[in-house]
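# Residue-level structural notes
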Amino acid sequence: MVVDDIKTLDQNDPLTSYKAQFALPDEVIYLDGNSLGALPKRVSERMEETTRQQWGQDLISSWNKHQWVTLPQRVGAKIAPLIGANAEEVVCCDSISVNLFKLLAAAITFNGTHVRNRIVSSHDNFPTDLYIAQGLETLLGSERCQFVDVAEDELMHAIDDQTAVVMVTEVNFRSGKRLDIAALAQKAHQHGALILVDLAHSAGVMPIHLNQWRVDMAVGCTYKYLNGGPGAPAFLYVRSDLLGNLQQPVAGWFGHSNPFAFAADYTPDQGIKQFLAGTPSVISMAAVDASLELFSDLDMEQVRTKSMQLTQVFHELIEQTGLTKTLTLLSPLSANERGSQLSYAFDYAYELCQALIARGVVADFRAPNFIRFGFAPLYNSFDDVWKAVELVQQVIESKDYLQPRWAQRQTVT
Ligand SMILES: *Cc1c(COP(=O)(O)O)cnc(C)c1O
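Rules used in this analysis
- Note on numbering: residues in each chain are counted from 1, in written sequence order.
- Two thresholds apply to this predicted model, a pLDDT of at least 70 for residue-level local features and 80 or more for giving and counting side-chain atom pairs, whereas whole-chain, interface and lining totals are computed over all residues.
- To obtain the side-chain values, all non-hydrogen atoms of the structure were used and water was disregarded.
- UniProt positions are given in the numbering used here, feature names are shortened, and annotations may be inferred rather than shown by experiment.
- Going along the chain from the N terminus, every DSSP run of H or I of four or more residues is numbered as a helix, and every run of E of two or more is numbered as a strand.
- The contact definition used throughout considers only heavy atoms, calling two residues in contact when any of these lie within 4.5 Å.
- Throughout this document, a residue counts as near a molecule or strand when at least one of its heavy atoms sits within 4 Å of that molecule or strand.
- Whenever two N or O atoms come within 3.5 Å, that pair is a polar contact, provided that in protein one can donate a hydrogen and the other can accept it, and provided that, for residues adjacent in sequence, both atoms are side-chain atoms.
- Areas reported here follow the Shrake-Rupley algorithm with a probe of radius 1.4 Å; residue values treat only the protein chains shown as occluding.
- Residue classes follow a fixed rule: Ala, Val, Leu, Ile, Met, Phe, Trp, Tyr, Cys and Pro count as nonpolar, while Asp, Glu, Lys and Arg count as charged, and any other residue, Gly among them, counts as polar.
- Segmentation of the chain into domains, including their bounds, is taken from an automatic or database domain assignment.
- Joining two parts hides part of their accessible area as seen by a 1.4 Å probe, and the buried area is that hidden amount summed over both.
- A carboxyl oxygen of Asp or Glu within 4 Å of a side-chain nitrogen of Lys or Arg is what we treat as a salt bridge.
- Relative accessibility decides the category of a residue: with a 1.4 Å probe and only protein chains considered, values under 20% of the type maximum give buried, values over 50% give exposed, and everything between is partly exposed.
- Here the aromatic set is Phe, Tyr and Trp, taking the six-membered ring for Trp, and pairing holds for ring centres within 6.5 Å; pairs whose planes are under 30 degrees apart are stacked, those over 60 apart are edge-to-face, and all others are tilted.
- In this scheme, Lys NZ or Arg CZ marks a charge over a ring once it lies within 6 Å of the ring centre and within 35 degrees of the ring normal.

## Digging into the UniProt feature "modified residue: N6-(pyridoxal phosphate)lysine" (unreviewed entry) in the protein chain
UniProt tags Lys224 as "modified residue: N6-(pyridoxal phosphate)lysine" (unreviewed entry). Mapped onto the elements of the fold, Lys224 is located in the loop between β7 (217-220) and β8 (235-238). Contacts of Lys224, omitting those with residues within four sequence positions, involve Gly33, Asn34, Ser35, Gly37, Ala200 and His201.

Here it is in structure tokens:
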């Protein structure tokens, strides 16, 4: 592969106009959109309007006038087509962690006999997913809720008649490996269990078909590929025929059927609104709402095609430059079997990452020894990939990563 091939790929890229919609610094090659998505310019404009006019001038009347009160459902409705769901099955609220707690507890009590008490997940799922399940087991006691975590390739075998809910993440945050969600859903249902899917590393970067895959519940992130901003609220999905049959434990007033009646007793809403707890974070959610405008006429198949090409070209260049002698690919070799990232094992992964950041290539480090490159098809180009690999080669061949200053550990990696 030569630089002209890269130029051709960029010239034929149907998504090339999207980059101008983002406020990226000129000299930065940002390969970390899987951790914090870049800032869409329209989000800055919306923030200005939301604070100056809506909050500043219209004050409390904005709850009605600008419909702040229905933002969780309106943003949910915009996310729905991106995940293969109906508008009334999705809301935007809280963090993934909190939403997992609500849904796992609802699933355990829905299926709650002492026989069917297990949450089944994989051992290398994202830690917060594991912690929430462990916390629920502690809270309910192991008679009522037993957390079972197995190796990722053992998941299918671990699902049995004692399983209440299978909790899986579609794309593994560390390896980038993609699971066959439809097959897992089928297996869960054969045993009478529910399935809960974490879409943190899939939403906004690949087509997702929750209804078609028969997924019961899902959660996902808006600050990764959906570019909603740091700490932007997450989303939550519940299949429509389960709505009204589940009860989540964080029974806050926004999940009440009529919060402004200020009744003393809790009556849950029968729809997806029941999964809300407290007042929405309006400013953050307005940022998500503005960012989602970018996705309204996007063809997710096209996004996936480019995402697979980006990872493929990156790894081909790594191979071509002989860097596979140093960097060991952890991600699946076939683009179809992975998400929009590549992870490599290297003893000096942390130092390599810091040396790259200093050269304007932003990647990230995941313990114990992985460097992770994330590819965002809306703003990464093939030229970014070419330049990034050149710099990886430069740092590795010069052994610059051995400089002590790159070993200084920061809190957030
Ligand atoms: C990023 C990520 C999260 C983040 O959870 P929050 O509670 O929203 O901070 C959860 N799960 C996975 C798989 C992730 O990648």
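## Observations regarding the site of the ligand
Within the structure, the ligand sits among Ser95, Ile96, Ser97, Phe126, Thr128, Asp129, Thr169, Asp198, Ala200, His201, Tyr223 and Lys224. At 2.5 Å, a side-chain N or O of Ser97 approaches an oxygen atom of the ligand. A distance of 3.1 Å separates a nitrogen atom of the ligand from a polar side-chain atom of Asp129. The protein chains hide 88% of the 390 Å² of surface that the ligand would expose on its own. Put simply, the parts of the chain that give the shell around the ligand at least two residues each are α5 (96-110) and α6 (127-140). Residue classes in the shell around the ligand are distributed as four nonpolar, five polar and three charged.

## Description of the domain arrangement of the protein chain
Taken domain by domain, the protein chain holds domain 1 (3-30 + 299-407) and domain 2 (48-295). Computed from C-alpha coordinates alone, the two centres of domain 1 and domain 2 are separated by 30 Å. When domain 1 packs against domain 2, the two sides together hide about 1700 Å² of surface, and 63% of this comes from carbon and sulfur. Broken down residue by residue, the surface that domain 1 buries against domain 2 is led by Met300, Arg304 and Gln341, which jointly contribute 29%. Summed over the shared surface of domain 1 and domain 2, the result is zero salt bridges.

## Quick word on the UniProt feature "binding site: pyridoxal 5'-phosphate" (unreviewed entry) in the protein chain
The UniProt record annotates "binding site: pyridoxal 5'-phosphate" (unreviewed entry) at Ile96, Ser97, Phe126, Pro127, Thr128, Asp129, Thr169, Asp198, His201, Tyr223, Trp253 and Thr279. These residues run over 184 residues, and the two farthest C-alpha atoms among them are 30.7 Å apart, placing them at more than one spot. Its place among the elements puts Ile96 in helix α5. With a relative accessible area of 12%, Ile96 lands in the buried category. Not counting chain neighbours up to four residues away, the residues in contact with Ile96 comprise Asp198, Ala200, Val219, Gly220, Cys221 and Ala234. Checked against the element boundaries, Thr128 lands in helix α6. Within the local environment of Thr128, its side chain forms a polar contact with the side chain of Ser97, the two groups lying 2.8 Å apart.

## A look at the packing of aromatic side chains
With the rule as written, the count across this model stands at 16 aromatic pairs. Here the aromatic rings of Tyr348 and Tyr401 are separated by 5.2 Å at their centres, their planes lie at 40°, and the arrangement is tilted. With a gap of 53 residues between them, Tyr348 in the loop between β10 (341-345) and α12 (349-358) and Tyr401 in the segment after α13 (382-397) connect regions that are remote in the sequence. Clustering of aromatic rings is evident, with ring pairs tying together Trp253, Phe254, Phe260 and Phe262. In this structure, Lys224 is placed above the aromatic ring of Phe126, and the distance from its NZ or CZ to the ring centre is 5.4 Å. A cation over a ring is seen here: Arg409 above Tyr350, with NZ or CZ 4.2 Å from the ring centre.

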